[in-house]
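# Architecture and fold: a report
Chain residues, written in single-letter form:
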Amino acid sequence: MKFRPLHDRVLLRRIEQEAKTAGGIIIPDTAQEKPMEGEIVAVGTGHVNDNGDVRPLDVKSGDRVIFSKWAGTEVQVDGEELMVMKESDIIGVIAA
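One structure accompanies this document, and this report is about it. (Residues numbered from 1 in each chain as written. Predicted model: local features only at pLDDT ≥ 70, side-chain atom pairs only at ≥ 80, totals over all residues. Heavy atoms only, no water.)

Judged by nonpolar contacts, Val10, Leu12, Ile40, Leu57, Val59, Val65, Phe67, Ala71, Met83, Met85 and Ile90 together constitute the single largest core of 11 residues. Elements that contribute at least two residues to this core include exactly strand E1 (9–14), strand E5 (64–67) and strand E7 (80–86). Contacts of isoleucine 90, omitting those with residues within four sequence positions, involve Val10, Ile40, Val59, Val65, Ile66, Phe67 and Met85. Core analysis: the second largest hydrophobic core is formed by 5 residues, Leu11, Val77, Leu82 and Val84 among them. (Core = buried A, V, L, I, M, F, W, Y, C linked by side-chain atoms within 4.5 Å. Buried < 20%, exposed > 50% of the residue type's maximum accessible area, 1.4 Å probe, protein only. Helix = DSSP H or I, 4+ residues; strand = E, 2+ residues; numbered from the N terminus. Contact = heavy atoms within 4.5 Å.)

Time to look at the sheet that holds E1. Read from one edge to the other, the open sheet built from 6 strands follows the order E6-E7-E1-E2-E5-E8, with strand pairing classed as antiparallel. Of all strands in the sheet, those bounded by a partner on one side alone are strand E6 (73–77) and strand E8 (90–94). Across the sheet, the mean angle from the axis of one strand to that of its neighbour is 45°, orientation sign disregarded. In this structure, E5 lies alongside E8, joined through 4 bridges in antiparallel fashion. Along E8, the bridge assignment pairs valine 65 with valine 93. (Pairing = 2+ DSSP bridges. Axes fitted to C-alpha atoms, helices over the stretch in contact; angles between N-to-C directions.)

Here we take up the pairing of E5. Regular strands place side chains that alternate from one sheet face to the opposite one. Here E5 shows a clear split, with Val65 and Phe67 buried on one side and none of Arg64 and Ile66 buried on the other. One ladder, built from 3 bridges, connects strand E2 (residues 37–43) with E5; its direction is antiparallel. The partner of glycine 38 across the bridge, within E5, is valine 65.

Moving on, we get to the side chain of aspartate 8. Positionally, aspartate 8 belongs in the segment before E1. If we ignore the near neighbours within four places in the chain, the residues touching aspartate 8 are Gly46, His47, Leu57, Met85, Lys86 and Glu87.

Take the pattern of salt bridges next. With the rule as written, the count across this model stands at 7 salt bridges. Residue glutamate 80 pairs with arginine 13 through a salt bridge whose shortest N-O separation is 2.5 Å. Of this pair, glutamate 80 sits in strand E7 while arginine 13 sits in strand E1; the two residues are 67 residues apart in sequence, bridging distant segments of the chain. Judged by its relative accessible area of 29%, glutamate 80 is partly exposed. Look at arginine 13 and you get partly exposed, because its relative accessible area is 30%. One network of salt bridges, in which partners are shared, links Arg13, Glu39 and Glu80. (Salt bridge = Lys/Arg side-chain N within 4 Å of Asp/Glu carboxyl O.)

Set out below in structure tokens:
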């Protein structure tokens, strides 16, 4: 990969949700919201404090996370649509 996020930013891939409800109803693409779940692809070096200290990020590559609805910027990397966002936009990590 030719992209490395800086500082407290992460690069992630959205995880598509099931297009069918529990009752078996298929939801059309036009009615679906973009998923707020993703997999971390790459992480930056960490958050730089006011005094210059670097605090490492709490997430790592491969983590599945939930993020804020309006978080991040969509980017194209190697022909794939990914998102870049700050670690603070991540709500939590999904335990495996």
